[in-house]
Amino acid sequence: MIRRAAFVTSGLTALGFAACGRQVTPNPVLNSNLAGRMVITFGTNGPMDFTNFNYVVVFNTSGTGGEPYPNAYATSFLNYSYAWAIGASYGTALPVLIQYVLTPGNNNQLNPIQVHYNPPEVALVLNYNGAGSEFQFTFVRTLLYDPLGVGPSPSPSPSAAPNATPTPAVTLPPNFSTTWYINFFTIDKYNNVQDSLGIGGATDTSFSFSCDITQNFMDPIFRQTGANLPANAAAQISGGEIDNYL
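Predicted model, so just to flag it, every value in this text is computed and none were measured. (Residues numbered from 1 in each chain as written. Predicted model: local features only at pLDDT ≥ 70, side-chain atom pairs only at ≥ 80, totals over all residues. Heavy atoms only, no water.)

1. Thoughts on the pattern of salt bridges
Part 1 of the reasoning: Counted under the stated rule, the structure contains 1 salt bridge.
Part 2 of the reasoning: Put simply, Arg223 and Asp195 hold a salt bridge, and the shortest N to O gap is 2.8 Å. Here Asp195 lies in strand 10 (residues 193-196) and Arg223 lies in the loop between strand 12 (217-222) and strand 13 (237-244), a separation of 28 residues in the sequence.
Part 3 of the reasoning: Taking relative accessible area as the criterion, Arg223 reaches 13% and is therefore assigned buried. (Salt bridge = Lys/Arg side-chain N within 4 Å of Asp/Glu carboxyl O. Helix = DSSP H or I, 4+ residues; strand = E, 2+ residues; numbered from the N terminus. Buried < 20%, exposed > 50% of the residue type's maximum accessible area, 1.4 Å probe, protein only.)

2. Concerning unusual backbone geometry
Part 1 of the reasoning: Despite not being glycine, Asp146 shows a phi value in the positive range, around 55°.
Part 2 of the reasoning: Summarising the element assignment, Asp146 is placed in the loop between strand 8 (134-140) and strand 9 (179-188).
Part 3 of the reasoning: Looking at Asp146, the relative accessible area reads 2%, which means it is buried.

3. Re the sheet that holds strand 8
Part 1 of the reasoning: Taken in spatial order, the 5 strands of this open sheet run 7-8-2-13-12, and their pairing is antiparallel. The sheet is open, and its two edges are formed by strand 7 (122-125) and strand 12, each paired on a single side. Shown here is a sheet whose adjacent strand axes are inclined to one another by a mean of 10°, direction ignored.
Part 2 of the reasoning: Two elements, strand 2 (residues 37-44) and strand 13, share 7 bridges in a ladder whose sense is antiparallel. In the strand pairing of strand 13, Gly43 is matched with Gly239. (Pairing = 2+ DSSP bridges. Axes fitted to C-alpha atoms, helices over the stretch in contact; angles between N-to-C directions.)

4. Considerations on the nonpolar core
Part 1 of the reasoning: Counting residues in each nonpolar core, the largest one holds 38 residues, and the members touching the most others are Met38, Phe59, Trp84, Phe139 and Phe184.
Part 2 of the reasoning: Contacts of Phe139, omitting those with residues within four sequence positions, involve Gly36, Arg37, Met38, Ile40, Phe59, Trp84, Glu121, Val122 and Leu144.
Part 3 of the reasoning: Membership of the second largest hydrophobic core comes to 14 residues, among which are Val58, Tyr80, Tyr90 and Ile187. (Core = buried A, V, L, I, M, F, W, Y, C linked by side-chain atoms within 4.5 Å. Contact = heavy atoms within 4.5 Å.)

5. Observations concerning the pairing of strand 13
Part 1 of the reasoning: Within strand 13, 7 of the 8 residues are buried, leaving the element largely enclosed by the surrounding structure.
Part 2 of the reasoning: Pairing of strand 12 with strand 13, which is carried by 6 bridges, proceeds in the antiparallel orientation. Its bridge partner lying in strand 13, Phe217 is registered against Asn244.

Okay, here's the thing in structure tokens:
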């Protein structure tokens, strides 16, 4: 249950596994220099409904815990570092960036905090495929280098400011993991998770996508056949793509 732990604004292959390395023809949202950026494409089976659903990309950049799953309480809070979100609770002008800060005590509860960034560091194409069922956004990778300066676990150590200029090479802060785990969620406007990339949908704990951010890659993500999908096609995740540029 991700309601309290995650998305509050005031909170594949046939085997269901994806990893870095497959090369495809990129169609990035920006035609300019993409050095230091990550490009994410998010797709659904039907036209997206930004009035009733939120579309969220969740990251674990801590180097521990592995994949972030929908049920945060059952699958460890340490798997949540950041999220990009658009939709019913966040609007669609640009993705909202959330950083998860671990509060000691009180069952190590995560505190989601919105990160404010310079708009030129993020670009969004809301109807990327022309059918209303796919969006793509590009962001400067250093935005996920602990912009709030809270230190390691679950987030990496303090580093570049949110408005840092990207550089061709990857410069990492101390104790920062180069392996990122990423998952996609759809969540209704009442903060109930509807779907994720795994076969189990809203309750999945099987999917895994990990990547090395020190490498260039363009990785498509294909949803496993037979996945447990919600009734509304606007909430059914079809897959997408994650690209990284040095």
